[in-house]
Amino acid sequence: MRMLIKNGTVVTSEGRQSADVLVDGRTVAAIVARPVGGSGLADRTGAALLELGADETIDAAGRWVIPGAIDTHTHMELPFGGTFAKDTFETGSRAAAFGGTTTIVDFAVQAKGRSLQEGLDTWMAKADGNAVIDYGFHMIMSDVNDESLAEMDRIVDQGVPSFKLFTAYPGVFLSSDGEILRAMQQTAGNGGLILMHAENGPAIDVIANENAAAGNTDPIYHGLSRYPGFEGEATNRVIRLAAAAGVPVYIVHLSSRDALDAVRSARGRGEKVFAETCPQYLFLSLDDLGNGFEGAKFVCSPPLRTKDHQEELWTGLVKDDLQLVATDHCPFDFAGQKELGRGDFRKIPNGLPAVEDRVDLLHDGGVAGGRITPERWVEIISTAPARIHGLYPRKGTIAVGSDADIVVYDPEREHTISAKTHHMDVDYSCYEGRVVKGASDFVISRGEVIVKDGAFIGPKGRGEFVKRDRADWVRRN
Ligand code: URP
Ligand code: ZN
Ligand code: ZN
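This report concerns the structure included in the present document. (Residues numbered from 1 in each chain as written. Chains lettered and ligands numbered in written order. Predicted model: local features only at pLDDT ≥ 70, side-chain atom pairs only at ≥ 80, totals over all residues. Heavy atoms only, no water.)

1. Concerning the overall build of the chain
Next up, step 1: Across its full length, the chain holds 15 helices and 19 strands.
Next up, step 2: Relative to the 2.2 N^0.38 estimate, which gives 23 Å for 477 residues, the radius of gyration of the chain is 22 Å and therefore close to what a compact globule would have.
Next up, step 3: Dimensions along the principal axes, computed over C-alpha positions, put the chain at roughly 75 × 50 × 40 Å.
Next up, step 4: Sorting the 477 residues of the chain into buried and exposed places 61% on the buried side.
Next up, step 5: Within the chain, residue pairs in contact and separated by at least 24 positions form 75% of the contacts whose partners lie at least 6 positions apart.
Next up, step 6: Of the roughly 16,300 Å² of accessible surface on the chain, a fraction of 48% belongs to carbon and sulfur atoms.
Next up, step 7: Between the averaged position of the 50 positive side-chain charges in the chain and that of its 67 negative side-chain charges there is a distance of 2 Å. (Helix = DSSP H or I, 4+ residues; strand = E, 2+ residues; numbered from the N terminus. Rg over C-alpha atoms; globule rule 2.2 N^0.38 Å. Buried < 20%, exposed > 50% of the residue type's maximum accessible area, 1.4 Å probe, protein only. Contact = heavy atoms within 4.5 Å. Areas by Shrake-Rupley, 256 points an atom, 1.4 Å probe, with all protein chains shown as cover. Lys, Arg positive; Asp, Glu negative; His and termini not counted. Charge placed at Lys NZ, Arg CZ, Asp CG, Glu CD.)

2. Considerations on the environment of Arg 475
Next up, step 1: Considering the arrangement of structural elements, one finds Arg 475 in helix H15 (residues 472–476).
Next up, step 2: Here the alpha-carbon distance between Arg 475 and Gly 191, two residues 284 residues apart in the chain, equals 8.8 Å.
Next up, step 3: Ignoring anything within four residues of it in the chain, the contact list for Arg 475 reads Thr 187, Ala 188, Gly 191, Gly 192, Val 247, Pro 248 and Lys 272.
Next up, step 4: Engagement of the side chain of Arg 475 in a polar contact is seen with the backbone oxygen of Ala 471, the distance being 3.1 Å. (Polar contact = N/O pair within 3.5 Å; in protein donor to acceptor, adjacent residues only side chain to side chain.)

3. Brief notes about the coordination of the zinc ion (ligand 3)
Next up, step 1: Those donors, His 73 (NE2), His 75 (NE2) and Asp 328 (OD), are the protein atoms that reach the zinc ion (ligand 3), and they lie 2.0 to 2.1 Å from it.
Next up, step 2: The site at the zinc ion (ligand 3) holds 4 donor atoms, and with the angles between them running 88 to 142°, its shape is irregular.
Next up, step 3: Counting gaps between the donor residues of the zinc ion (ligand 3) yields the pattern H-x1-H-x252-D.
Next up, step 4: Here the zinc ion (ligand 3) and the zinc ion (ligand 2) are spaced 3.9 Å apart. Within this pair, whereas His 75 is found in the loop between strand E6 (69–74) and strand E7 (79–80), its partner Asp 328 is found in the loop between strand E15 (324–325) and helix H13 (358–368), the two being separated by 253 residues in sequence. (Donors = N, O, S within 2.8 Å, 3.2 Å for Na, K, Ca; no water. Tetrahedral: all angles 85-135°; square planar, octahedral: opposite > 155°, others 65-115°.)

Next comes the structure, spelled out in structure tokens:
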């Protein structure tokens, strides 16, 4: 099958041009610029185009043609807080596609006392035959010991070159400084990357328990117990551990000025430190947590911060101290699941739905909001995730030979985010009623149109596991 996407403006992280894109099978075959008043592929309706033989033509006039977005932080079906994140690989990946995302990188979990391989196999089985877009995995390490350290090398060889460790959740996921250092040392040898959830969990527990004992049980106390300084301290600590091991480190879901300061200082010292933030930290705030038990809808970790942190994070994105925005998509129904923590904020499952909304929120608040260029937007939703997480140039750009993961995006179309119309399998939206400018009209995954006219038209389970490359880019940059 050959597909011609004509008359659009191709926007990559490198720049934009009026050009036609020819897709042949799964990959991009040609990008032909349309000189002003001249002709590109689209206008060569005679012999040349027939020779090319496009089976399908999409007219992208007035729209942008961008690389499919990549969300490198999702949690489909994650067991957490006595329940499971509600989206399956099927529902979550379909919702992602509606929102212009054509690849996700989810987190496989090592169960305590079990092998990394068993955890990876379990998550592979959840995604295989269900995901509708391509997917990769990071590995959450629950145990750091001689066996799991040796096993890391074999996991890297299977195209899973990144491992998440936590300073955050005592009794659930928590590694000591020594364990973190050992895992980082191991990646010095195997080319992997340690991703850190950096909050000082034991300190947070002291404050959270004090609050609960004083009868402060509403969701707002989730936010008020997890001080930004506890995130800043842990971020600085893991950065120092990475420097000691002589390896890059990647901070996930960075939420506060305090943590950003630690990242900025390290990058100023020339250290290879990378970080993502998430839409919730750019658009939502502690105020959202403060509406009685409704606030449970907004409980995630790190928590939402006071509004003044938001502009700092936008500045971090503009200046590239933050390289990308991922969602940390981890949805729990308000009814039934978030309910588990009524009367005790410590029992509210942590996580928010976002996989469908990221691209449009970032376009609306970033590009339409005048904070970032369209090129930078493409970079933070697609190109940087691909580069940092070993998918580039197969994904994250539109170039000859790249996977034809392409979105025809209308930067002018407004729509209203609502749980009534979203496709994530969760009974609320954090952005209910928010009008955003920008929407995906066509979503193409490896040369197949999977979203068109507001409908998903791909078959179930068409997504493929993508082996990611070793984390070379973060070592070089
Ligand atoms: O609240 C969150 N972030 N839930 C998902 C688990 C994690 O820490 O990423
Ligand atoms: Zn985390
Ligand atoms: Zn997460």
